[in-house]
Amino acid sequence: MYDLLSQTPEELAGLLVSLGEPSYRAAQVFSALHGGARDAADMTALPLKLRERLAFPRPEPLTEQLSADGTRKLLFGLEDGQTVESVLLEYEGSSSENPETTVCISSQVGCGQGCAFCASALGGKARDLTAGEMLGQVLYCGVPVSRVVMMGIGEPLDNFENTVRFLRLLSHPKGLGMSLRRVTVSTCGLVPGILKLADLGLPVTLSVSLHAPDDETRNILMPVNRRYGLQELLFSCRMYFMKTGRRVSLEYALIRGVNDAPRQAAALAALLKEDRPHINLIPLNPVEGKPYRSPPREDAGRFADVLRQNGLSVTVRRRLGNDIDAACGQLRRRAAT
């Protein structure tokens, strides 16, 4: 079995030549794969004997849940029996007849970062996903996709090489050809990965999970902060902007009694006054077995007002899909039972 979904046209050409086939077949295979072929039998432009030799692993949608707000959550089965979840979010585009669909994909089976409030960290990390397993979540979600966010299960920058390969495949002009400006890569704050990504100059949006205005609080919520503190993290974000020209977006989950006080909003504003990034405030989505809860809506509004009064751009994110455990921080390696 060949990991065809992870390969570029040039790599496919080398594989096909090794099988005694002409290299021009690579374009046919690549086009078929990125057109949504679920197995070699769907590659009807190829000779039957070649199709019989080209079995390849692919993520397979096993179950689908539909939220009251229209959000869809898919459980994908992988070749080794592991599973991951992906989420489809539909927004109105230029007209109600042309909605835009964002797919939130996973980059690892489980997550090893251990953030205290996140369901994805339950059970730790089992393994990295291949580039093909990431791409398959986009190809096999059942609808055309307008945007991709790498905000599902796992830490993309902890799976750096496969993440970059996925981005190059996703944007390949002979495949889906998606503009990387329509792709968001999320990180909990792996500074070396941020700097490596900056050096590549890929025009993706970098989204950094901050969740605290000081190291003491962030150390409790996010173990990564014990390795890369806030000042080092913010420096890497500045480097990312300088090298790519792409504005960094910061995620801040509001947790009742932990990081949602007005004094913490003021501290956050002071911390970010020079960089002035966009801040997405996310009222915490509950996770079974975790003690953390979201603040009242009016408290979230007051927190946002403090930031705006200090000249910062702020969005309070809508809750989508939380009734099916599909909202931020709720995805798991297996469907909740």
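The structure under discussion appears in the preceding block.
For every chain, the first residue of the written sequence is number 1, and numbering continues from 1 along that sequence. A pLDDT threshold of at least 70 governs which residues receive local features in this predicted model, and a stricter bar of 80 or more applies before side-chain atom pairs are shown or counted, although totals over entire chains, interfaces and linings include all residues. Side-chain numbers here rest on the full set of heavy atoms in the structure, without hydrogens or water.

(A) Looking closely at the pattern of salt bridges. When a carboxyl oxygen of Asp or Glu is within 4 Å of a side-chain nitrogen of Lys or Arg, the pair counts as a salt bridge. Counted under the stated rule, the structure contains 16 salt bridges. The salt bridge involving Asp80 is made with Arg127; its shortest N-O contact spans 2.7 Å. Of this pair, Asp80 sits in the loop between strand 2 (72-77) and strand 3 (83-91) while Arg127 sits in strand 6 (residues 125-128), and the two are 47 residues apart along the sequence. Partly exposed describes any residue whose relative accessible area lies between the buried limit of under 20% and the exposed limit of over 50%, with all areas from a 1.4 Å probe on protein chains only and scaled to the type maximum. Judged by relative accessible area, Asp80 falls into the partly exposed class, the value being 48%. A salt bridge links Asp158 to Lys125; the shortest N-O distance between them is 3.3 Å. Of the two residues, Asp158 is situated in the loop between strand 7 (147-150) and helix 5 (160-170) and Lys125 in strand 6; the sequence distance between them amounts to 33 residues. A single salt-bridge network, built from bridges that share partners, covers Arg38, Arg58 and Glu60. A run of H or I in DSSP becomes a helix once it reaches four residues, and a run of E becomes a strand once it reaches two; helices and strands are each numbered from the N terminus.

(B) Local environment of the side chain of Arg25. Structurally, Arg25 is set in helix 2 (residues 25-34). Residues counted as positive are Lys and Arg, residues counted as negative are Asp and Glu, and His and the chain ends are not counted. The buried charged residue Arg25 lacks any salt bridge partner; its closest oppositely charged side chain belongs to Glu21, at an N-O distance of 4.3 Å. Contacts of Arg25, omitting those with residues within four sequence positions, involve Leu16, Ala45, Leu46, Pro47 and Leu50. Whether two residues are in contact is decided by their heavy atoms, any of which lying within 4.5 Å being enough.

(C) Up close: the packing of aromatic side chains. In this analysis, rings of Phe, Tyr and Trp, with Trp reduced to its six-membered ring, are considered paired at centre separations within 6.5 Å, and the interplanar angle assigns stacked below 30 degrees, edge-to-face beyond 60, and tilted for intermediate values. Inspection of the entire model under this criterion finds 1 aromatic pair. Relative to Phe303, the ring of Tyr252 has its centre 5.2 Å away and its plane inclined at 35°; by these criteria the two rings are tilted. Residue Tyr252 is found in strand 10 (residues 249-254), and its partner Phe303 is found in helix 10 (residues 297-309); the two are separated by 51 residues along the sequence. The ring centre of Phe160 lies 4.2 Å from the NZ or CZ of Lys196, which sits over that ring. Here, a charge over a ring means that NZ of Lys or CZ of Arg falls within 6 Å of the ring centre while also lying within 35 degrees of the ring normal.

(D) Region of interest: unusual backbone geometry. For His211, which is not a glycine, the phi torsion comes out positive at approximately 70°. Examined against the element boundaries, His211 turns out to sit in the loop between strand 9 (205-209) and helix 7 (215-221). With a relative accessible area of 5%, His211 lands in the buried category. A positive phi angle, close to 50°, is found at Arg276, a residue other than glycine. Looking at the secondary structure, you find Arg276 in the loop between helix 9 (262-272) and strand 11 (278-283).

(E) The arrangement of the sheet that holds strand 1 (residues 60-66) in detail. In spatial order, the strands read 1-2-3-4-7-8-9-10-11-12; together these 10 strands make up an open sheet with mixed pairing. The two strands at the open ends of the sheet, each matched to only one other strand, are strand 1 and strand 12 (313-316). The average angle at which neighbouring strand axes cross in this sheet is 25°, direction not considered. Should DSSP find at least two bridges between two strands, the strands are taken to pair. Looking at chain direction, strand 2 and strand 3 are connected through 6 bridges and run antiparallel. A fitted line through C-alpha atoms represents every axis, and for helices the fit uses only the stretch in contact; the resulting angles, taken between N-to-C directions, go from 0 to 180 degrees.

(F) Just the packing of helix 5 against helix 6 (residues 191-200), in detail. Interhelical geometry of helix 5 versus helix 6 gives an angle of 30° and a closest axis separation of 11 Å. By the angle class used here, helix 5 and helix 6 are roughly parallel. Relative to helix 6, helix 5 is oriented so that their crossing is right-handed. For the pair helix 5 and helix 6, contact is made by Phe160, Glu161, Val164 and Arg168 and by Gly193, Lys196, Leu197 and Leu200, respectively. All amino acids are sorted into three groups, where Ala, Val, Leu, Ile, Met, Phe, Trp, Tyr, Cys and Pro are nonpolar, Asp, Glu, Lys and Arg are charged, and the leftover types, Gly among them, are polar. Along the lines of polarity and charge, the residues of the contact of helix 5 with helix 6 split into 4 nonpolar, 1 polar and 3 charged. An angle below 35 degrees is read as roughly parallel, one above 145 as roughly antiparallel, one from 65 to 115 as roughly perpendicular, and any other as oblique. Each helix crossing is assigned a hand: it is left-handed if the near helix lies turned anticlockwise from the far helix by less than a right angle, otherwise right-handed if that turn is clockwise.

(G) Local environment of the packing of helix 4 (residues 131-139) against helix 5. Between helix 4 and helix 5, the least distance of the axes is 8 Å, while the angle of their chain directions is 45°. Relative to helix 5, the element helix 4 lies oblique. Between helix 4 and helix 5 lies a crossing of right-handed hand. Counted together, Ala131, Met134, Leu135 and Val138 of helix 4 and Asn162, Thr163, Arg165, Phe166, Leu169 and Leu170 of helix 5 form the full contact between these two elements. Of the residues belonging to the contact of helix 4 with helix 5, the class tally is 7 nonpolar, 2 polar and 1 charged.

(H) Expanded view of helix 1 (residues 9-18). Within the span of helix 1, buried status applies to Pro9, Leu12, Ala13, Leu15 and Leu16. The arc that holds the buried residues of helix 1, viewed along the axis, is 165°, so those residues lie on one side. Seen from the buried face of helix 1, the exposed residues on the opposite side, beyond 90 degrees, are Glu10 and Ser18. Looking at the buried positions of helix 1, the neighbouring elements they touch are helix 2 and helix 3 (48-51). Following helix 1 by one or two positions, Gly20 adopts a phi angle in the positive range, close to 85°. This arc describes the spread of directions from the helix axis toward the C-beta atoms.

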